[in-house]
Amino acid sequence: MKTTAPTLIFTAWLVATVAALGALFMSEVMGLAPCVLCWWQRIFMFPLVMILALGLFPFDAKVTRYALPLAVIGLGVAGFHVLLTMGIIPEALAPCRQGIPCKTIQIEWFGFVTIPLLSLFAFLTITGLLLAATRSASK
Amino acid sequence: MKQKNLFMAVVALLILAFAGGAFFYKKQQAEQAAQNAANNMAALVRADAQSFGNPNAPVHIVEFFDPACGTCREFYPLVKAMMTAHPDKIRLTMRYAPFHPGSEAVVKVLEASRKQDKFETTLEALFAGQDKWVINHTSHVEMTGPILESTGMDMARLQNDANAPAVAAMIVRDLADAKTMNVTMTPEYFVNGKPLPQFGFEELKKLVDDELANTQ
């Protein structure tokens, strides 16, 4: 199954790129200021766009080794942020006392889709795809 | 090779979607802003606000500004130059939007300077010396002393006038009007009630030129 690894990595790249462009759209076009935790998620999402693209051409299955840590740490931050917006983790624990509080929900689609939830979903998908790519490449 | 082409096509598609989305979003926002401004003319034009130029000028620019704002400082001479280029055709009204921390106290002093007929001098002096009293995006009214003294105003009277409740009330009203007009950044301009479609001096100049052409 050598052909699926590039497809999985390509899909992971696509998710990262859509997430990165979406984040830029919200901050640069819609003028929503990113909170501190959003910045941490951006720090781990944006490099994925470059690293995964470089791993595709020419194809290098080892790219998952470099991309996975970013995705997993980003996943952790996004998870923390979602728990914070849901009120499960109290605000005092969050590293954001100045500027835009991370607890503030700026967008809510369909009553439950918030920006941190989208981020969590993106990091989760990328992590899953990269893990699948690692497995498929090692076979 | 085929994969690379697919990849490039996806990249192009995503960039296109981003640019298209941005274009439509901005357009929609601009239309909404224009509609909002048209519905709230009362909040835009206030008789007691400081005004420059011919009161019956065909083109009326309303500017929301903060004396601590660097872009306001940059735009001020440009707008003044437009007024000089079209004598008696442009009127400029200054509305307060003290968004920087500490700016309200400076705006109070600026408003008080009108009682001594020194608004223009004070505003220009505050802009010229902005680096001395705006530190790290925070206004420090206590550092404006030497600048205010250089304008030759009666300082005791200025201090007294600045503390008048009417001045504080005016700032509250201007801030409320700024909110009504969806002013979130300074400077913000309205030309005969129309907001800028996009921020920039070229856009402002075009709007003013269009209005000048309309009235001739």
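Residues numbered from 1 in each chain as written. Chains lettered and ligands numbered in written order. Predicted model: local features only at pLDDT ≥ 70, side-chain atom pairs only at ≥ 80, totals over all residues.

### Topic: the overall build of chain A
Tallying secondary structure elements over chain A gives 4 helices and 0 strands in all. In sequence order, chain A lays out its α and β elements as α-α-α-α. Once local pairs closer than 6 in sequence are excluded, the contacts in chain A between residues at least 24 apart make up 74%. (Helix = DSSP H or I, 4+ residues; strand = E, 2+ residues; numbered from the N terminus. Contact = placed C-beta atoms within 7 Å.)

### Things to note about the sheet that holds strand 6 (residues 188-191) of chain B
The pairing of strands in a sheet happens through backbone hydrogen bonds and is either parallel or antiparallel. Residues and elements named next belong to chain B. One open sheet accounts for 5 strands, arranged 1-3-2-6-7; its pairing is mixed. Each of the sheet's edge strands pairs with one partner strand only, and the pair in question is strand 1 (50-52) and strand 7 (194-195). Where strand 2 (residues 59-65) meets strand 6, 4 bridges bridge the pair, whose relative direction is antiparallel. Residue pairing in the sheet places V62 in a bridge with F190 of strand 6. (Pairing = 2+ DSSP bridges.)

### Some details on the confidence of the model for chain A
Averaged over chain A, the pLDDT score is 83; the fraction of residues at 70 or greater is 80%. Contacts for the low-pLDDT stretch residues 93-98 of chain A, under 50 throughout, to residues beyond four places or in other chains number 9 contacts. (pLDDT = per-residue confidence, 0-100.)

### Focus: the pairing of strand 2 of chain B
Within a regular strand, side chains alternate between the sheet's two faces. All names here are of chain B. By the criterion of burial, strand 2 is predominantly enclosed, with 7 of the 7 residues buried. When strand 2 meets strand 3 (residues 90-96), the two strands line up parallel, connected through 7 bridges. Across the sheet, the residue bridging to H60 is R91, located in strand 3. This β-α-β element, strand 2 to helix 3 (residues 70-85) to strand 3, shows right-handed connectivity. (Buried ≥ 20, exposed ≤ 12 C-beta atoms within 10 Å, placed from the backbone. Right-handed = clockwise from strand over helix to strand, strands pointing away.)

### Quick notes on the packing of helix 1 (residues 4-29) of chain A against helix 1 (residues 2-39) of chain B
At a minimum axis separation of 11 Å, helix 1 of chain A and helix 1 of chain B run at an interaxial angle of 20°. When the interaxial angle is binned, helix 1 of chain A and helix 1 of chain B end up roughly parallel. Judged by the twist between their axes, the crossing of helix 1 of chain A over helix 1 of chain B is right-handed. Residue-level inspection shows A:P6, A:L14, A:T17, A:V18, A:L21, A:F25 and A:V29 of helix 1 of chain A in contact with helix 1 of chain B, the latter providing B:Q3, B:V10, B:L14, B:F18, B:G21, B:A22, B:Y25 and B:K26. Taken together, the residues that form the contact of helix 1 of chain A with helix 1 of chain B break down as 11 nonpolar, 3 polar and 1 charged. (Axes fitted to C-alpha atoms, helices over the stretch in contact; angles between N-to-C directions. Parallel < 35°, antiparallel > 145°, perpendicular 65-115°, else oblique. Left-handed = near helix turned anticlockwise from the far one by under 90°. Nonpolar A, V, L, I, M, F, W, Y, C, P; charged D, E, K, R; others polar.)

### Things to note about the nonpolar core
One finds B:I61, B:I90, B:V109, B:V191 and B:V208 to be the most contacted residues of the largest nonpolar core, which totals 44 residues. When residues no more than four places from it in sequence are discounted, the contact partners of B:I61 are B:V79, B:I90, B:L92, B:Y189, B:V191 and B:V208. A:A23, A:C38, A:L75 and A:V82 belong to the second largest nonpolar core, which has 36 residues in total. (Core = buried A, V, L, I, M, F, W, Y, C linked by C-beta atoms within 7 Å.)

### Side note on the interface of chain B and chain A
Each side of the interface is counted separately: chain B has 10 residues, and chain A has 10 residues. A class-by-class count of the residues in the side of chain B that touches chain A yields 6 nonpolar, 2 polar and 2 charged.

### A word on the packing of helix 1 of chain A against helix 2 (residues 36-56) of chain A
All names here are of chain A. Put simply, helix 1 and helix 2 touch, their axes get as near as 8 Å, and they point 140° apart. Viewed along their axes, helix 1 and helix 2 form a crossing whose handedness is left-handed. Where helix 1 approaches helix 2, its residues P6, I9, F10, A12, W13, A16, T17, A19, A20 and A23 are matched on the opposing element by R42, M45, F46, L48, V49, L52, A53, G55 and L56. Looking at side-chain class alone, the contact of helix 1 with helix 2 contains 16 nonpolar, 2 polar and 1 charged residues.

### Some words on helix 4 (residues 103-113) of chain B
All names here are of chain B. Here helix 4 lies mainly inside the structure; 9 of its 11 residues are buried. Regarding helix 4, the residues found buried are S103, V106, V107, K108, V109, L110, E111, A112 and S113. Looking at the buried side of helix 4, the elements it contacts are strand 3, helix 5 (119-128), strand 5 (138-139), helix 7 (145-149), helix 8 (155-162) and helix 9 (165-180).

### Details of unusual backbone geometry
That bond from A:F57 to A:P58 is cis: its omega, -5°, falls within 30 degrees of zero. A cis amide bond links B:T186 with the next residue in sequence, B:P187, at an omega value of -5°. Considering the arrangement of structural elements, one finds B:P187 in the loop between helix 9 and strand 6. Although it is not a glycine, B:N136 sits at a positive phi angle of roughly 55°. Judged by local crowding, B:N136 falls into the exposed class, with 6 C-beta atoms found within 10 Å. Positioned with a positive phi, B:N192 is a non-glycine residue whose angle comes to about 50°. Structurally, B:N192 can be placed in the loop between strand 6 and strand 7. We classify B:N192 as partly exposed; it has 18 C-beta atoms within 10 Å.

### A few points about helix 4 (residues 115-138) of chain A
Residues and elements named next belong to chain A. With 24 residues, helix 4 extends 35 Å between its outermost C-alpha atoms, agreeing within 8% with the 34 Å of an ideal straight helix rising 1.5 Å per residue. Within helix 4, the full set of buried residues consists of I115, P116, S119, L120, A122, F123, I126, L129, L130, A133 and A137. Turning to helix 4, the residues buried within the fold contact helix 1, helix 2 and helix 3 (63-85). (Expected span 1.5 Å × (residues − 1).)

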